[in-house]
Amino acid sequence: MRGTGPQVEHSGVTPELEDLFAFLRFPSVSTDSRNAGDVRACADWLIGKLQAMGLTAQLHETPRHPVVVARNVHVEGRRTVLIYGHYDVQPVDPLALWNTPPFEPEIRDGKIWARGATDNKGQMLAHVLGVEKTLREEGELPVNLIFLFEGEEEIGSPNLAAFLEAHKAELKCDVIAISDTGMVAPGVPTLGYGLRGIACCEATLRGPKGDLHSGLFGGAVANPATAVARLVASMHDETGKVAVDGFYDDVRPLEAWEREMWSKVAGVSDSEFLRITGSPGLFGEPGYSSAERTWARPTAEVNGIGGGYQGEGSKTVLPAEAFVKFSFRLVPDQEPGDIMNKVKAHLEAHCPPGVTVEVEVGHDGKPYVADPHSKFGLAAQTALRKAFDAEPVLIREGGSIPIVQTFRDILGVDTLLLGLALADAQIHAPNENFPVENFEAGIRLNQALLKELAL
Ligand code: BES
Ligand code: ZN
């Protein structure tokens, strides 16, 4: 019996969806060591799937989570295409906000609901199933294929660069394809040709040797929580520009053709940003649209801030310390190491009197930009046009996939970003979802892509 609530579709589950459900049931949360066994079980499942398709598949150990590599029989003279994806997922908390359990996928309202449905298991499996379908229909692939799947993307791919160096010869290829980015609106095929880089750090401000009574000492001793607020406020000027000295020195300006092109892209107008985010107003660097601010301008973001009493009611305490977690999104040609040095210098110079600041540097990744009109870019556009029966749009991305620039540095090849993630996919948040329609389009897209990339 069906109620009046959202429709749960039980019938018509295809073998492709069965595969996706099996993949999504693994709680392959890479950051949490309690899930290490689940991450490995997920990698083992992938190996089984790839071998059943007739590919050679191998699991490679790393210091943490395994890398999975698979290939067809390579034929001299064919193009070699490397397809990358990640089978790890973000944590699920806050769990209470999920409408259905994150690792029990189900279809409602035409969407698959589960952690990883979009980021990245749904998009990644569309690659695999596109290959499977071509193998079934044609008996072979028109290209030499390498699948490279990692289990550590969501923790900054700490072991993948070393893996690339060690396996450089086997991973030699002409082009790389990844579906792990956005699509501007449903049904609008989207080719990404840029990603922002990232640099993270945490600052701890320390004052007295222990928490103090705020009546006895307040007014005479600097309060680290007040100091952290001042330090955070010093990171931007009042217009929204980052106030760190030299922060914009290496920023490559937007090209006129990009601004012109992006002004016509569906789904990314300022009013769409307002609607999607539910914010009462937009705010950012003056002189740029929201799309430009997120795709081609760098930022300083506070990801977390704390210190002092967080419980119910009030407590008259002067906390001994306070912290702030920052991430900086970077654009070409900013260098994460250089930016972090500038940020450290800023934090030390602006640390208010009476407290000390200690900066702990976190993970980072370089920004990336390529030519969307290169021969491979044009082939990807043709594949997108065929799979969606619509004209593709060309965008850069606000998010980061640090390994993409590392691929260029180590393997010497560019990456095609064939994004299938919608703005309301809730990636990294409760109720992550992926439209069945995008999953099916992704399978078609991969079939078309292999054809277009073949010689
Ligand atoms: N798939 C995302 C990145 C993404 C999403 C790019 C949508 C463009 C559009 C990826 O899994 C991710 O979350 N990356 C992290 C990188 C970090 C952990 C180094 C990010 O961007 O925060
Ligand atoms: Zn992610």
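Before any of the text, the structure's been laid out above.
Chemist: Just to check I follow, could you spell out the state of the cysteines for this structure?
Modeler: Cysteine pairs can be linked by a disulfide, which is a covalent bond between their two sulfur atoms. This model, assessed by the stated rule, comprises zero disulfides. Not part of a disulfide, cysteine 351 finds its nearest cysteine sulfur in cysteine 201, a span of 13 Å.

Chemist: Please explain the site of ligand 1 as it appears in this structure.
Modeler: Around ligand 1, the surrounding shell holds 15 residues, and the nearest of these are Glu153, Asp180, Arg329, Ser400 and His428. Here an oxygen atom of ligand 1 sits 3.0 Å away from a polar atom, N or O, in the side chain of aspartate 119.

Chemist: I'm lost on the packing of aromatic side chains in this one. Help?
Modeler: Two aromatic rings are characterised by how far apart their centres lie and by the angle between their planes. With the rule as written, the count across this model stands at ten aromatic pairs. Here tyrosine 84 and phenylalanine 407 contribute two aromatic rings whose centre-to-centre distance is 5.6 Å and whose plane-to-plane angle is 75°, an arrangement assigned as edge-to-face. Of the two residues, tyrosine 84 sits in strand 3 (residues 80-86) while phenylalanine 407 sits in helix 12 (residues 403-411), which places them 323 residues apart along the sequence. Classification of phenylalanine 407 as buried rests on a relative accessible area of 0%. For the ring pair phenylalanine 247 and phenylalanine 328, a centre distance of 6.3 Å and an interplane angle of 55° mean the geometry is tilted. Placement of the pair is phenylalanine 247 in the loop between helix 6 (224-233) and helix 7 (256-262) and phenylalanine 328 in strand 14 (residues 321-330), with a sequence separation of 81 residues. Relative accessible area serves as the criterion here: at 1%, phenylalanine 247 is assigned to the buried category. With a relative accessible area of 0%, phenylalanine 328 lands in the buried category. Put simply, the rings of Phe247, Tyr248, Phe326 and Phe328 pair up and form one aromatic cluster. Of note, lysine 121 hangs over the ring of phenylalanine 23, and the distance from its end group to the ring centre comes to 5.3 Å. Just above the ring of tyrosine 248 sits the side chain of lysine 241; from NZ or CZ to the centre is 4.4 Å.

Chemist: So what exactly am I meant to see when it comes to the sheet that holds strand 19 (residues 433-435) here?
Modeler: Within a beta sheet, neighbouring strands are joined by backbone hydrogen bonds and run either parallel or antiparallel to one another. Read across the sheet, three strands follow the order 4-5-19 without closing on themselves; strand pairing throughout is antiparallel. In this open sheet, the two edge strands, each paired with only one partner strand, are strand 4 (106-108) and strand 19. Sheet twist, expressed as the mean angle between neighbouring strand axes with direction ignored, is 30°. Sheet topology note: the strand 4/strand 5 (residues 111-113) ladder contains three bridges and is antiparallel.

Chemist: Would you mind going over the sheet that holds strand 18 (residues 415-418) with me for this structure?
Modeler: Pairing in this open sheet of eight strands is mixed, and the strands run 1-2-6-3-7-18-8-17 from one edge to the other. Across the chains shown, the open sheet's two edge strands, defined by having one partner strand only, are strand 1 (56-60) and strand 17 (393-395). The sheet shows a mean angle of 25° between the axes of neighbouring strands, taken without regard to direction. Here strand 8 (residues 190-192) runs beside strand 17; their pairing, made up of three bridges, is parallel.

Chemist: Even after reading the chapter, I still don't get the environment of leucine 378, so can you show me in this structure?
Modeler: Within the secondary structure, leucine 378 is located in helix 11 (residues 375-388). Once the C-alpha coordinates of leucine 378 and asparagine 433 are considered, the two residues, 55 residues apart in sequence, prove to be 30 Å apart. In contact with leucine 378, other than residues within four places in its own chain, are Pro372 and His373.

Chemist: Just checking my understanding: could you explain the coordination of the zinc ion (ligand 2) for this structure?
Modeler: When four donors bind a metal tetrahedrally, each ideal donor-metal-donor angle is 109.5 degrees, and when six bind octahedrally, the ideal angles are 90 or 180 degrees. Looking at the zinc ion (ligand 2), the protein donor atoms are Asp119 (OD), Glu154 (OE), Glu154 (OE) and His428 (NE2), and they sit 2.0 to 2.6 Å from it. With six donor atoms in place around the zinc ion (ligand 2) and angles of 54 to 154° between them, the coordination shape is irregular. Counting the intervening residues between successive donors of the zinc ion (ligand 2) yields the motif D-x34-E-x273-H. Here aspartate 119, found in the loop between strand 5 and helix 3 (121-138), pairs with glutamate 154, found in the loop between strand 6 (144-150) and helix 4 (160-166); they are 35 residues apart in sequence, far enough to count as distant. The exposure classification of aspartate 119 matches that of glutamate 154, with both residues buried.

Chemist: Looking at this structure, I do not really get the packing of helix 1 (residues 15-24) against helix 3. What am I missing?
Modeler: For any two helices packed against each other, the geometry is given by the interaxial angle and the distance between the axes. The geometry of helix 1 relative to helix 3 is characterised by a closest axis approach of 10 Å and an angle of 140° between their N-to-C directions. On the basis of the axis angle, helix 1 is oblique to helix 3. Where helix 1 crosses over helix 3, the two elements pack in a sense that is right-handed. Mapping the contact onto sequence places Glu16, Asp19, Leu20, Phe23 and Leu24 in helix 1 and Lys121, Gly122, Met124, Leu125, Leu129, Glu132 and Arg136 in helix 3.

Chemist: I tried to follow the layout of surface pockets on my own but got confused; where do I start?
Modeler: Taking a probe equal in size to a water molecule and rolling it over the atoms shows the remaining empty space. When its volume is computed, the second largest pocket comes out at roughly 210 Å³. Counting only elements with at least two residues in the lining of the second largest pocket, the list comes to strand 15 (356-365) and helix 12. Of the residues forming the lining of the second largest pocket, the biggest block, four residues, is contributed by helix 12. For the lining of the second largest pocket, the residue count by class is five nonpolar, six polar and three charged.

About the cut-offs
Residues numbered from 1 in each chain as written. Chains lettered and ligands numbered in written order. Predicted model: local features only at pLDDT ≥ 70, side-chain atom pairs only at ≥ 80, totals over all residues. Heavy atoms only, no water. Disulfide = S-S within 2.5 Å. Near = heavy atom within 4 Å. Polar contact = N/O pair within 3.5 Å; in protein donor to acceptor, adjacent residues only side chain to side chain. Phe/Tyr/Trp six-rings, centres within 6.5 Å; stacked < 30°, edge-to-face > 60°. Helix = DSSP H or I, 4+ residues; strand = E, 2+ residues; numbered from the N terminus. Buried < 20%, exposed > 50% of the residue type's maximum accessible area, 1.4 Å probe, protein only. Lys NZ or Arg CZ within 6 Å of the ring centre and 35° of its normal. Pairing = 2+ DSSP bridges. Axes fitted to C-alpha atoms, helices over the stretch in contact; angles between N-to-C directions. Contact = heavy atoms within 4.5 Å. Donors = N, O, S within 2.8 Å, 3.2 Å for Na, K, Ca; no water. Tetrahedral: all angles 85-135°; square planar, octahedral: opposite > 155°, others 65-115°. Parallel < 35°, antiparallel > 145°, perpendicular 65-115°, else oblique. Left-handed = near helix turned anticlockwise from the far one by under 90°. 1 Å grid on protein atoms, 1.4 Å probe; cavity = no way out; pocket = protein on both sides within 12 Å on 5 of 7 lines; lining within 4 Å. Points joined across faces, edges and corners; volume = space filled by probe spheres on them. Nonpolar A, V, L, I, M, F, W, Y, C, P; charged D, E, K, R; others polar.

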